[in-house]
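A look at the structure
Residue-level listing of the chains:
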Amino acid sequence: MAEYPGTQALFDLWKKQIEEGTQVWARMMGQGQMADPTQFWRPFMDQGMAAWSKLFTQGPMTPEFLSQWKQFLDQWIAAWSKVLEQAMGTEAFAQALGKHLEQWLSLQEPMKKATEESAEAVLSALGIPARSQVVGIARQLENLEDRLEGLDDRMSALVAKMDEALKTLAHPKPSSSRRAAGKRKKRDDRTDH
Amino acid sequence: MTPGSTRTDQERGTAPELLAQWQEEMARNLLRMQNLAAMIMNRDEPAVGPTPREEIYRKNKSRLYRYRSSPKRRTPVLFVPNLGISRPYIFDLLAGGSFVEHMINQGFDFYLLDWGVFGPEDNDLTVDDCVTRILPRMAKKVLESSGTREFSLVGYCMGAPLSACFLALHPEMPVKNLINMAGPIDFSKAGLFRCWLNPKYFDVDRYVNTLGRIPSDMVRLGFKLLKPTMDLSTGLNLWWNLWNADYVRSFRALYKWANEYVPIPGEFFRQWVKDFYQGNRLIRGDLSLRGAPIRLETIRCPLFIVAAKEDNIAPPACVRAMIDAVGGRDKEYVELPGGHISLIAGRAASVHCWPKVSGWLARRS
């Protein structure tokens, strides 16, 4: 497909700005201070606007422009993804996430306990089994299932051993081998005499 | 040449060609609108898991499925996916786009272990239970139903370290081949999850003691946080390809799967985080299950490891570590393009991954 130099120049510029902006962002996160966000966006927008106006002076557009626009968006999203991944891979983020989870659990714990207790009280008053009771029964059934399977395994092993023993009894050692052993004994006795 | 322009009219294309291109683009836009309307109006669930199968065995929530086939290869395959997190129909998503279908077409007798969807009654399920009770029983059922004396074991994601522990703990099990697909082994290189689950910042005991289990919403949050821009790029790609009916069909199926998360039993999660992510005990060699040590070096069967280059859940270094940890001589490692999911599901998987896995197994079956 034919290249459209105006759009290519535009995307080259934006790509360069994305890379520079990403480096700025990464430096911001590393320094642990809130820098001016327009430091990231201003050069991006200024040069983007300059490229846009240049683009529209260069004659008719083809739908090719749309696929290049899509490519640009893909690159933009990929750049953001990289930046976010770097930011989220820091100890600071992990610490912040951990703190947030702790706070959430601190709220959840009493709420959950209160909800469960009140639900159990209501269900008990209505004569309906509570969730914990149903869960308890389910666990007992699981244990029973395990025990039955264990028994099944032992039975299978016993049956296999019995089958083997029966086979040995049903098909004892061939008598010719016994007769040959007996003949050898008689020959040895005669020579001794 | 007009002033200010850098190309001739010939290079830019003639007016009729330009018109034809714009007409095509308009037609695509109309198709986009049409398909978008159809997606919104169509409330039917996409049909997933098309390959016929039968349930061989069930143990509580876990199911062992055997896919119907006319196997040409003697050694059956037991596929062990991740426990919790997501549903396993991703491996059999659509006709023509299914790893299971591919393996059956290659002549394998294919079994899938579906760990199931866990409820509060399963909160006590541990890693020990999975490795010492469930997996041995599933393996036994595979041998019984296939009438063979040995089988191949394929673990994907979490299923791979579980399979490795099972094999290390049960050397008497007749496992002929072992495949690790994107399964983390050295958790010191496990990327963002390793960072977030650092014991300095994440108190797993408090988490499990409070909630009992990891609810599906929390699982979803964790995975969405790994790639916050995923939804944006998914939406953009959907819009771009919305004119393509096949793409829309695949998207609907994948979207269904990607939004269906499964809770993780509390005790399993506690042990998984402490022993694997935080302690990294599997690769260090000091992991014990039911009091028995797990030594990866006792695994001596042929081993094939497949990692995905852009995997942010089980990065290549994390997966690759298994090659040096096991015994045996027949070992191979490959790194393929894609991410954690696209390694095994999707068009790229059918080109890069599936043939390699089936080819390696076929030579040893």
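Residue numbers run consecutively from 1 along every chain, following the written order of its sequence. Here the convention is simple: chains get letters from A, ligands get numbers from 1, in the order in which they are written. Thresholds applied to this predicted model are a pLDDT of at least 70 for local features of residues and 80 or more for the giving and counting of side-chain atom pairs; totals over whole chains, interfaces and linings are not thresholded and use all residues.

1. Digging into the overall build of chain B
Runs of E in the DSSP output that reach at least two residues are strands. Runs of H or I that reach at least four are helices, and both are numbered from the N terminus. Secondary structure summary: chain B contains 16 helices and 16 strands in total. Taken along its principal axes, the extent of the C-alpha atoms in chain B is 80 × 50 × 40 Å. Residues classed as buried in chain B amount to 43% of the 365 residues present. Exposure in this text rests on C-beta crowding, where 20 or more other C-beta atoms within 10 Å of a residue's own make it buried, 12 or fewer make it exposed, and counts in between make it partly exposed. The C-beta atoms are placed from the backbone.

2. Some points on the overall build of chain A
The helix and strand inventory of chain A stands at 6 helices and 0 strands. Scanning chain A from its N terminus toward the C terminus, one meets helices and strands in the order α-α-α-α-α-α. Here chain A holds 193 residues, and 6% of them are scored as buried. A separation threshold of at least 6 residues defines the contact pool for chain A, and within that pool the share at least 24 residues apart is 73%. Any pair of residues counts as being in contact when their C-beta atoms, constructed from backbone geometry, are within 7 Å of one another.

3. Thoughts on the sheet that holds strand S1 (residues 53-59) of chain B
Residues and elements named next belong to chain B. With respect to topology, 8 strands assemble into an open sheet ordered S1-S2-S7-S3-S8-S9-S15-S16, the strand pairing being mixed. In the strand order of this sheet, the two ends are held by S1 and strand S16 (331-336), each with one partner. Adjacent strand axes in the sheet meet at a mean angle of 20° when their direction is disregarded. Axis definition: a line fitted to C-alpha atoms, limited for helices to the stretch in contact. Angles are taken between N-to-C directions and run from 0 to 180 degrees. The sheet contacts of helix H4 (residues 127-146) involve S1, strand S2 (62-67), strand S3 (77-80), strand S7 (110-114) and strand S8 (151-156), and relative to S1 the element is tilted by about 140°. Where helix H5 (residues 159-169) meets the sheet, its contacts fall on S3, S8 and strand S9 (175-181), and the angle it forms with S8 comes to roughly 140°. Any two strands between which DSSP finds at least two bridges are classified as paired.

4. Some words on the packing of helix H7 (residues 204-211) of chain B against helix H11 (residues 266-278) of chain B
All names here are of chain B. Two elements in contact, H7 and H11, have axes separated by 10 Å at closest approach and are oriented at 175°. Classified by the interaxial angle, the pair formed by H7 and H11 is roughly antiparallel. Of H11, the residues touching H7 (which contributes Val 204, Asp 205, Val 208 and Leu 211) are Gly 266, Phe 269, Arg 270, Val 273 and Lys 274. Ten residues, namely Ala, Val, Leu, Ile, Met, Phe, Trp, Tyr, Cys and Pro, are considered nonpolar, four, namely Asp, Glu, Lys and Arg, are considered charged, and the remaining ones, Gly among them, are considered polar. Among the residues making up the contact of H7 with H11, the classes are represented as 5 nonpolar, 1 polar and 3 charged. Angle categories: roughly parallel below 35 degrees, roughly antiparallel above 145, roughly perpendicular from 65 to 115, and oblique for all the rest.

5. Points about the nonpolar core
Counting residues in each nonpolar core, the largest one holds 108 residues, and the members touching the most others are B:Val77, B:Leu78, B:Phe79, B:Phe110, B:Ala182 and B:Val306. The residues contacting B:Val306, other than those within four sequence positions of it, are B:Met181, B:Ala182, B:Val334, B:Leu336, B:Leu343, B:Cys353, B:Lys356 and B:Val357. Think of a nonpolar core as buried Ala, Val, Leu, Ile, Met, Phe, Trp, Tyr and Cys residues, each tied to the set through C-beta atoms within 7 Å.

6. As for H4(B)
All names here are of chain B. With 20 residues, H4 extends 27 Å between its outermost C-alpha atoms, agreeing within 8% with the 28 Å of an ideal straight helix rising 1.5 Å per residue. Within the sequence span of H4, burial applies to Val 127, Asp 129, Cys 130, Val 131, Ile 134, Leu 135, Met 138, Ala 139, Val 142 and Ser 146. One or two steps after H4, the chain reaches Gly 147, where phi turns positive at roughly 70°. Expected helix span is given by 1.5 Å per residue-to-residue step, counting one fewer step than there are residues.

7. A closer look at unusual backbone geometry
All names here are of chain B. The phi dihedral of Ala 182 falls on the positive side, at around 50°, and the residue is not glycine. The residue Ala 182 is located in the loop between S9 and helix H6 (192-196) in this model. The exposure class of Ala 182 is buried, given the 30 C-beta atoms found within 10 Å. We note that Arg 290 has phi near 50°; this positive angle belongs to a residue other than glycine. Of note, Arg 290 is situated in the loop between strand S13 (288-289) and strand S14 (292-293).

8. Side note on the domain arrangement of chain A
The source of the domain bounds is an automatic or database domain assignment. One can read the domain layout of chain A as domain 1 (5-58 + 65-91), domain 2 (98-128) and domain 3 (129-172). Domain 2 of chain A and domain 3 of chain A are separated by 39 Å when their C-alpha centres are compared.

9. Considering the confidence of the model for chain A
With 58% of its residues at a pLDDT of 70 or more, chain A has an overall mean of 74. The score called pLDDT rates the predictor's confidence residue by residue, from a low of 0 to a high of 100. Mean pLDDT values over the elements of chain A span from 55, in helix H6 (residues 175-192) of chain A, up to 89, in helix H4 (residues 91-126) of chain A.

10. Considerations on the environment of B:Glu121
Positionally, B:Glu121 belongs in the loop between S7 and H4. Along the sequence, B:Glu121 and B:Gly212 sit 91 residues apart, while their C-alpha atoms lie 9.8 Å from each other. Aside from chain neighbours lying at most four places away, what touches B:Glu121 is A:Val135, A:Ala138 and A:Arg139.

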